[in-house]
Amino acid sequence: MLNKPRGLVTTARDEQGRDTVYRCFDGAGLPWLAPVGRLDKASEGLLLFSNDPGWAARVLDPGSGPGKTYHVQVDRVPDAALLAALAAGAVVDGERLGARSVALLRAGGRNAWLEIVLDEGRNRQIRRLLAAFDLGVLRLVRVAIGPLRLGALGKGQWRELDPAERDALAPASG
């Protein structure tokens, strides 16, 4: 697991020459690893890597995989009706976007933090859903995947999952 800093792209090589998440593994001597899902360049937080395609597919499966939890700072304070509308979802460009849950974490004078849990992470799903309700994203951090929490892992830092964590995220099928 890696705590992806904002500004890095989730790819092995970027045709535009931008820094990638693999910079965080420089000098670690790790085997080939592929990202399990993505976080866009402007997003940060928990990102998994694996060299086991079957395990990765189970983690990403929208029907049986673990939920993905995000803390999102938005540019205004939503009321209860807006929170309910966000949870109900919206159709954006012909695509149904929704969340398993949406909750207000804390609110200030001009902005708020929401906790949004997704069953699957489609391309820029949270940003597009919030934009459909005229909410701008100031910061987006994935804080958990299923029971695995980002915790105190510093930005740009990584650690290996232990066998219990791997099994909790995606038990072996059989």
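Computed from a prediction, not measured in an experiment: that's the story for all the values here.

Parameters and conventions
Residues numbered from 1 in each chain as written. Predicted model: local features only at pLDDT ≥ 70, side-chain atom pairs only at ≥ 80, totals over all residues. Heavy atoms only, no water. Salt bridge = Lys/Arg side-chain N within 4 Å of Asp/Glu carboxyl O. Helix = DSSP H or I, 4+ residues; strand = E, 2+ residues; numbered from the N terminus. Buried < 20%, exposed > 50% of the residue type's maximum accessible area, 1.4 Å probe, protein only. 1 Å grid on protein atoms, 1.4 Å probe; cavity = no way out; pocket = protein on both sides within 12 Å on 5 of 7 lines; lining within 4 Å. Points joined across faces, edges and corners; volume = space filled by probe spheres on them. Nonpolar A, V, L, I, M, F, W, Y, C, P; charged D, E, K, R; others polar. Arc of directions from axis to C-beta. Contact = heavy atoms within 4.5 Å. Polar contact = N/O pair within 3.5 Å; in protein donor to acceptor, adjacent residues only side chain to side chain. Phe/Tyr/Trp six-rings, centres within 6.5 Å; stacked < 30°, edge-to-face > 60°.

A word on the pattern of salt bridges. In this structure the tally under the stated criterion is ten salt bridges. The residue Arg-124 makes a salt bridge to Asp-40 at a minimum N-O spacing of 2.9 Å. One end of the pair, Arg-124, is in the loop between β8 (112-118) and α3 (125-132); the other, Asp-40, is in the loop between β2 (34-36) and β3 (44-50), with 84 residues separating them in the sequence. By relative accessible area, Arg-124 is classed as partly exposed at 42%.

Let us look at unusual backbone geometry. If you check the backbone angles, Asp-93 has positive phi at about 50° while not being a glycine. Counting through the fold element by element, Asp-93 comes out in the loop between β5 (90-92) and β6 (95-97).

One number sums up the size of the second largest pocket: a volume of about 390 Å³. Leu-33, Phe-49, Ser-50, Glu-160 and Leu-161 are the residues nearest the centre of the second largest pocket, which is lined by 17 residues in total. Among the elements that take part in the lining of the second largest pocket, β3 stands out by supplying three residues, more than any other. Among the residues making up the lining of the second largest pocket, the classes are represented as eleven nonpolar, two polar and four charged.

Moving on to helix α1 (residues 53-60). Those residues of α1 lying buried are Trp-55, Ala-56 and Val-59. Down the axis of α1, the buried side of the element spans an arc of 100°, and every buried residue falls inside it. Looking at the buried residues of α1, the elements they touch are β2, β3, β4 (68-74), β9 (137-145) and α4 (163-169). The opening residue of α1 is Asp-52, an N-cap whose side-chain oxygen sits 3.0 Å from the backbone nitrogen of Gly-54.

Attention now moves to the side chain of Thr-10. Within the secondary structure, Thr-10 is located in the loop between β1 (2-4) and β2. The class of Thr-10 is buried, set by a relative accessible area of 6%. At a separation of 2.8 Å, a polar atom in the side chain of Thr-10 contacts the main-chain carbonyl oxygen of Leu-39. If we ignore the near neighbours within four places in the chain, the residues touching Thr-10 are Lys-4, Val-21, Pro-35, Gly-37, Arg-38, Leu-39 and Leu-47.

With that settled, consider the packing of aromatic side chains. Inspection of the entire model under this criterion finds four aromatic pairs. Ring centres of Tyr-22 and Phe-25 lie 6.2 Å apart, and the angle between their planes is 65°; this geometry places the pair in the edge-to-face category. An aromatic cluster of at least three residues, connected via ring pairs, comprises Tyr-22, Phe-25, Phe-49 and Trp-158.

Shape descriptors only; they carry no functional weight alone.
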